[in-house]
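Residues per chain, in single letters:
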Amino acid sequence: MSLPIEDYAMIGDCHTAALVSKLGSIDWLCFPYFDSGACFASLLGSDEHGHWSISPADEVRSVKRRYRGDTLILETEFETDTGSAVLVDCMTPRDDVPQLVRMVVGTRGQVRMKMELVIRFDYGSVVPWVRRTDRGISAVGGPNMLTLSTDAPLRGEDLKTISEFTVSEGQKIPFDLTWSPSHLPAPEAVDPEKAIPETQTWWEKWSARCTYNGKYRDAVMRSLIVLKGLTFLPTGGIVAAPTTSLPEMLGGVRNWDYRYCWVRDSTLTLNSLINAGYMEEARDWRRWLLRTVAGSPSDLNIVYGLHGERRLTELELGWLPGYEGSKPVRTGNAAAEQFQLDIFGEVESSLYQCREAGLETEEGSEGVGLALLKFLEKGWEQPDEGIWEMRGPRRHFVHSKVMAWVAFDRAVRSVENGWIKGDVEHWKKLRQQIHDQVCREGFDTRLNSFVQFYGSQHLDASLLMIPLVGFLPADDPRMIGTVKAIETHLIENGFVGRYTVDPNVD
């Protein structure tokens, strides 16, 4: 079974990403894109569902891991009784097809190594046909082909590809895995000796653009690199995660596919990138947003595909046992069909952030914003499913109403700053109407706290957004009471729970 999730590190090329365990095994990888079928899916099952491990053949005394500087190049250092070796993992910035490069570097003495490659296309369900090539193997299954090039000896065994070799101090053993469409000739392998330094240079140039130089720069920089790794370079979309079906609770059924672009999550990511000086990513994301939300404002989705797809059909993959037995494993996400009112506020807030950051006006951006506001003039009164995607009845969620307020507030500010034109007096009246209703219907005097939805006594962590978006000041007595209630009833072991569970709904 898979290791604890904290024992995995991410590498990627801004098209897809892989998870590498501290034992040197790639247990999750989708080619060619984040939302493609996985060729290594043992994270959600067993080794037989696909993995690629490279590790010492003898007992490992210690493992150390690090990223190489401000890059997404991973280094895993193994110590054994006979020596030490470093496994270098990265995905190269691609011009065409994805390339995954692994390099074993001897650093002391001699280390006997073993490699096991188990390719299983379509989330562990398809065993490919494998044949030898001049420098390795190729594996074909349906539309997919993987080509492995290496100087290490290879042999087939029980539908696996095995290699055993010894690396000495100063010696390098390279591996290059390339995906390509199976109906086309296999692409040429890269030279790992050149590819790894070129990848390092690419990331260092990107990282050097960061404008933050404060006390926590290392932590901020690492977070920004991960966020960059989750951007989908061809379109500018930003995925919530590179994985599907990691459980919210071990053994539970809330196992969702997050390899898509949530408007809300992307907005938070966008703000972080803007604050650190990454305007190019902000510009690309805004273009993705404007293309994606085109259509009727009432049809605005909370989540879209990498290219802006709206239909994310949810399926269950019954052959996978799930992470630590957490079933079902899912692809697609039915949350795309939900109505979540707060998204309108997120979009308007994002457009406002782009204007405030000085990004030039994008053709069509003002029209999209005005169309969303036109719908919201009546739409804000509708109940919705809320931020947490609970699959229960629609409610008048307080956080959703607050974000509707944000939409009109940011529109008013944009007019006052001379960025857009609109009926500012009408928007001010709606802004005040929403504010009055939330304070009247969404606050429970017995709890001395805002509540999850009108008329309830349930708490919700999303209420902590109220001062962050400017709806009320943080020192307002109603917010102080809300924070105290959340501290009392939602915090456990130092973590804030999302909401008080109603078993009749969720």
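All of the points below concern the structure found in this document.

This paragraph deals with the packing of aromatic side chains. Under the counting rule described, the total for this entry stands at 17 aromatic pairs. Taking 6.1 Å as the distance between ring centres and 80 degrees as the angle between the ring planes, the aromatic pair formed by Trp-288 and Tyr-304 counts as edge-to-face. Of this pair, Trp-288 sits in helix H5 (residues 279-292) while Tyr-304 sits in strand S19 (residues 303-304), placing them 16 residues apart in sequence. Each of the two residues, Trp-288 as well as Tyr-304, counts as buried. Plain terms: the ring middles of Phe-443 and Phe-450 are 5.2 Å apart, the flat faces sit at 75 degrees to each other, and that makes the pair edge-to-face. For Phe-450, a relative accessible area of 0% gives the class buried.

With the rule as written, the count across this model stands at 33 salt bridges. Glu-377 is the salt-bridge partner of Lys-374, the closest N and O atoms lying 3.9 Å from each other. Highlighted residues: Lys-374 and Glu-377, both in helix H7 (residues 365-379), separated by 3 residues, approximately one helical turn. You can call Lys-374 exposed: its relative accessible area is 59%. Via salt bridges that share partners, Arg-66, Arg-68, Glu-75 and Glu-77 belong to a single interconnected network.

At their nearest, the axes of helix H6 (residues 342-356) and helix H8 (residues 398-416) sit 7 Å apart, and the two run at 30 degrees to each other. In this view, H6 runs roughly parallel relative to H8, as classed from their interaxial angle. Here H6 runs over H8; the crossing is left-handed. Contacts between H6 and H8 involve Asp-342, Phe-344, Gly-345, Glu-346, Glu-348, Ser-349, Tyr-352 and Arg-355 from the first element and His-399, Ser-400, Met-403, Val-406, Ala-407, Arg-410, Arg-413 and Ser-414 from the second.

Now for the pairing of strand S3 (residues 25-30). The buried fraction of S3 is high, at 6 of 6 residues. In the sheet, strand S2 (residues 17-21) pairs with S3 via 3 bridges, with the strands oriented antiparallel. Of the residues in S3, the one forming a bridge with Leu-19 is Trp-28. If you look at the hairpin formed by S2 and S3, you'll find 3 residues sitting between the two strands, and Gly-24 has a positive phi there, around 85 degrees. As paired elements, S3 and strand S5 (residues 51-56) share 2 bridges and run antiparallel to each other. Within S5, the residue paired with Ile-26 across the bridge is Trp-52. Summarising the sheet, S3 and strand S4 (residues 38-40) pair through 2 bridges and their orientation is antiparallel. In the sheet register, Leu-29 faces S4, and the bridge partner there is Phe-40.

Mapping Asn-255 onto the fold places it in the loop between strand S17 (237-238) and strand S18 (261-262). Looking at Asn-255, its side chain comes within polar contact range of the main-chain oxygen of Gly-252, at 3.1 Å. Apart from the residues lying within four places of it in its own chain, the contact partners of Asn-255 are Ser-245, Leu-246, Pro-247, Glu-248, Ser-326, Lys-327, Pro-328 and Arg-330.

Scoring rules and cut-offs
- Residues numbered from 1 in each chain as written.
- Predicted model: local features only at pLDDT ≥ 70, side-chain atom pairs only at ≥ 80, totals over all residues.
- Heavy atoms only, no water.
- Phe/Tyr/Trp six-rings, centres within 6.5 Å; stacked < 30°, edge-to-face > 60°.
- Helix = DSSP H or I, 4+ residues; strand = E, 2+ residues; numbered from the N terminus.
- Buried < 20%, exposed > 50% of the residue type's maximum accessible area, 1.4 Å probe, protein only.
- Salt bridge = Lys/Arg side-chain N within 4 Å of Asp/Glu carboxyl O.
- Axes fitted to C-alpha atoms, helices over the stretch in contact; angles between N-to-C directions.
- Parallel < 35°, antiparallel > 145°, perpendicular 65-115°, else oblique.
- Left-handed = near helix turned anticlockwise from the far one by under 90°.
- Contact = heavy atoms within 4.5 Å.
- Pairing = 2+ DSSP bridges.
- Polar contact = N/O pair within 3.5 Å; in protein donor to acceptor, adjacent residues only side chain to side chain.

Read these as layout, nothing more, since geometry by itself doesn't imply function.
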